[in-house]
Amino acid sequence: RSAAGKAALLLEALRDNNIPSYAALSSGYFAETEIRTMLALLQVIDNPRQDIPLAAVLYSPMLNFSTEELAQIRLNDMTGDLFDALLQTGTPDSEAAGTLKDKVVNFLQQLNRWRTLARQLSVPELIWRLYDETGYYDYCGGMPGGVLRQANLRMLYDRAAAYEETDYRGLFRFFRFVGKIQKSGNDLSVARTLGENEDVVRVMTIHKSKGLEFPVVIIADLGKEINLAGGR
């Protein structure tokens, strides 16, 4: 894992434990849980026949399908994709339990409405509508590091708004735009709600720390063996 990747993991751990932290990272945005979840929902709205994003959305706090319920849905149609299994679970002759069937029917109705809105609204307008209707923005605010998570979600809205100012429109082209960024390796930086001069844990490389003095320093991976690959 790269230094930036390790730093992002460390920041996530600090944030989950409500420890204020800062790192001057230029990547890691698309790896954030709240961003991956929202992008998965947008992908499903654009095309529900994508098993991985659909499973991620169903299992997310927005819909709260359990692993057992997802397994039951999958068993209703083992030959088609996950969306086919959902459709089969929601049919009147489905053998699924009443509670599960009701959850599936409600989601399918909601998804149809969101897909209609996607044709009527701009991408940023759709994103903010989803924040409001799913309650996911408020949910993230109540999680460890909630201020930063909400800042990341606002940044997704802002970046979608900046995208809409170009000649491109619509969810499909928005995902092509995001995909190009990810494939090029030019990830975006996460939102920053704290500055490096505040009372925070600062995450940095040893090289960057030259000339700086801190009362407490923690160096990670000291117990790891030296990498002798390449004859060094």
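What you see is a predicted model; the values in this text were computed from it and never measured.

## Topic: the overall build of the protein
Item 1. Secondary structure summary: the protein contains 10 helices and 2 strands in total.
Item 2. The linear arrangement of helices and strands in the protein, starting from the amino end, is α-β-α-α-α-α-α-α-α-α-α-β.
Item 3. The buried share among the 232 residues of the protein stands at 38%.
Item 4. Considering only contacts in the protein between residues 6 or more positions apart, those separated by 24 or more positions represent 60%.
Item 5. Accessible area for the protein stands at about 14100 Å²; split by element, carbon and sulfur atoms hold 52% of it.

## Some thoughts on the environment of Gly-90
Item 1. Mapped onto the fold, Gly-90 is located in the loop between α5 (82-89) and α6 (98-120).
Item 2. For the pair Gly-90 and Asn-106, spaced 16 residues apart in the sequence, the C-alpha separation amounts to 9.1 Å.
Item 3. If we ignore the near neighbours within four places in the chain, the residues touching Gly-90 are Lys-101, Val-104 and Val-105.

## A few points about a nonpolar patch on the surface
Item 1. On the surface, a cluster of nonpolar side chains totalling about 480 Å² of accessible area is made up of Leu-212, Phe-214, Val-217, Ile-219 and Leu-222.
Item 2. Among the secondary structure elements, Val-217 is positioned in the segment after β2 (201-202).
Item 3. What makes Val-217 exposed here is its relative accessible area of 57%.

## Observations regarding the pattern of salt bridges
Item 1. For the structure on display, the rule yields 6 salt bridges.
Item 2. Its salt-bridge partner being Arg-113, residue Glu-133 comes within 2.7 Å of it at the nearest N-O pair. Taken together, the residues span a long stretch of sequence, with Glu-133 in helix α7 (residues 123-134) and Arg-113 in helix α6 at a distance of 20 residues.
Item 3. Judged by relative accessible area, Arg-113 falls into the partly exposed class, the value being 38%.
Item 4. We note a salt bridge from Glu-133 to Arg-129, for which the minimum N-O separation is 3.7 Å. Of this pair, Glu-133 and Arg-129 both sit in helix α7, 4 residues apart, which is roughly one turn of the helix.
Item 5. Take Glu-133: its relative accessible area is 27%, and that puts it in the partly exposed class.

## Describing the side chain of Glu-164
Item 1. Tracing the sequence through the fold places Glu-164 in helix α9 (residues 146-164).
Item 2. The class for Glu-164 is buried, based on a relative accessible area of 12%.
Item 3. In this structure, Glu-164 is in contact with Ser-122, Val-123, Pro-124, Arg-169 and Gly-170, ignoring residues within four places of it in sequence.

## What to know about the confidence of the model for the protein
Item 1. Averaged over all residues, the pLDDT of the protein equals 80, while 77% of them reach at least 70.
Item 2. At the low end of the mean pLDDT range in the protein sits helix α1 (residues 3-16), at 63; at the high end sits helix α3 (residues 51-59), at 95.

Conventions and cut-offs
- Residues numbered from 1 in each chain as written.
- Predicted model: local features only at pLDDT ≥ 70, side-chain atom pairs only at ≥ 80, totals over all residues.
- Heavy atoms only, no water.
- Helix = DSSP H or I, 4+ residues; strand = E, 2+ residues; numbered from the N terminus.
- Buried < 20%, exposed > 50% of the residue type's maximum accessible area, 1.4 Å probe, protein only.
- Contact = heavy atoms within 4.5 Å.
- Areas by Shrake-Rupley, 256 points an atom, 1.4 Å probe, with all protein chains shown as cover.
- Patch = residues over 30% accessible without salt bridge, like charges linked within 9 Å, V, L, I, M, F, W, Y side chains within 5 Å.
- Salt bridge = Lys/Arg side-chain N within 4 Å of Asp/Glu carboxyl O.
- pLDDT = per-residue confidence, 0-100.

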